[in-house]
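The primary structure of each chain is shown beneath.
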Amino acid sequence: MQVYSFSKQQWKKTTLIFLVVLLFAYLPVASFLFALKNDAFTGYFPPKFFMSESIHSGHLPLWNPYINFGIPQYADMSSGYWSPFTWIIASTFGYNAYTFTLELLFYILMGGFGFFVLLKHWVNNTQVRILAALSFMCCGYNIGNLQHFNWISGAAFLPWCLWAYHNLLHRFSLSNLLAVSLLFYLLISSAHPGISIASAYFFFAFSLFQLVQKKKEN
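Small disclaimer: the values here were computed from a predicted structure and weren't measured.

Participant: Even after reading the chapter, I still don't get the packing of helix 1 (residues 8–25) against helix 5 (residues 97–118), so can you show me in this structure?
Facilitator: Packed helix pairs are characterised by how far apart their axes lie and by the angle those axes make with each other. Axis separation between helix 1 and helix 5 bottoms out at 11 Å; the angle between their running directions is 135 degrees. It follows from the interaxial angle that helix 1 and helix 5 lie oblique. For helix 1 against helix 5, the interelement crossing comes out right-handed. Where helix 1 approaches helix 5, its residues W11, T14, T15, F18, L19 and L22 are matched on the opposing element by L105, I108, L109, G112, F113, F116 and V117. Per-class residue counts for the contact of helix 1 with helix 5 are 10 nonpolar, three polar and no charged.

Participant: Sorry if this is basic, but what is going on with the nonpolar core here?
Facilitator: The nonpolar side chains of soluble globular proteins are, as a tendency, buried together. The biggest cluster of nonpolar side chains holds 50 residues, and the ones touching the most others in it are F18, F100 and I108. In contact with F18, other than residues within four places in its own chain, are L109, G112, F113, F116, I130, A133, L134 and M137.

Participant: Explain the layout of surface pockets here, please?
Facilitator: Where empty space is left in the structure can be found by rolling a water-sized probe over the atoms. A volume near 360 Å³ is recorded for the largest pocket. Taken together, 13 residues line the largest pocket, and the ones lying closest to its centre are L169, H170, Q210, Q213 and K214. Across the lining of the largest pocket, the residue classes break down as five nonpolar, six polar and two charged.

Participant: In this structure, what is going on with the pattern of salt bridges? I would like to understand it.
Facilitator: Oppositely charged side chains may form a pair once their charged atoms are brought near each other. The final tally for this structure, using the stated rule, is one salt bridge. With its nearest N and O atoms 3.9 Å apart, the salt bridge here joins K48 to E103. Of the two residues, K48 sits in helix 3 (residues 39–56) while E103 sits in helix 5, which places them 55 residues apart along the sequence. Each member of the pair, K48 as well as E103, is classed as buried.

About the criteria used
Residues numbered from 1 in each chain as written. Predicted model: local features only at pLDDT ≥ 70, side-chain atom pairs only at ≥ 80, totals over all residues. Heavy atoms only, no water. Axes fitted to C-alpha atoms, helices over the stretch in contact; angles between N-to-C directions. Helix = DSSP H or I, 4+ residues; strand = E, 2+ residues; numbered from the N terminus. Parallel < 35°, antiparallel > 145°, perpendicular 65-115°, else oblique. Left-handed = near helix turned anticlockwise from the far one by under 90°. Contact = heavy atoms within 4.5 Å. Nonpolar A, V, L, I, M, F, W, Y, C, P; charged D, E, K, R; others polar. Core = buried A, V, L, I, M, F, W, Y, C linked by side-chain atoms within 4.5 Å. Buried < 20%, exposed > 50% of the residue type's maximum accessible area, 1.4 Å probe, protein only. 1 Å grid on protein atoms, 1.4 Å probe; cavity = no way out; pocket = protein on both sides within 12 Å on 5 of 7 lines; lining within 4 Å. Points joined across faces, edges and corners; volume = space filled by probe spheres on them. Salt bridge = Lys/Arg side-chain N within 4 Å of Asp/Glu carboxyl O.

Given below as structure tokens:
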């Protein structure tokens, strides 16, 4: 496992590179010249908008009376109801076309940073890590699924979860355990349930792989 320091100046340069690439790669959406299409505003935006309107009206968004004669809003695992990011935006700026789009771009950026941090376990070359992270940000999965909001949020937290879980397996500590708990909660509360279920299979297989590798080393 590669371990080395990364200065604040390097972090600033890397952050600037990521922001510039994000801006130009998703320029039609980032410039608000074009809006997100299909499921983004017909399926994922309404419950978030309902949450923000309820909070700003002084009501807890527990029950949505506008869908199927009423549904429990907190039971909708596809709307990101339990995500801290959803509550922060809903209770501050509120949800509109702009904040909704910015949240999506934030998830893409977060996924790039997560992939960049994850690769430090195996890659020592900073340029390679940056290129790989930018490729992850601009990959076909993200571009092809911009309308699927909770698919993008799932891709944002997966690299972070793998990074934290890898740290925990190699050095058990309270800080690593808390990091794993927090990041997996963000994944489960923000992503589509199918991604959470598939992730459970993946991390189970990853745990077995790490166990076999450790036995070989011993």
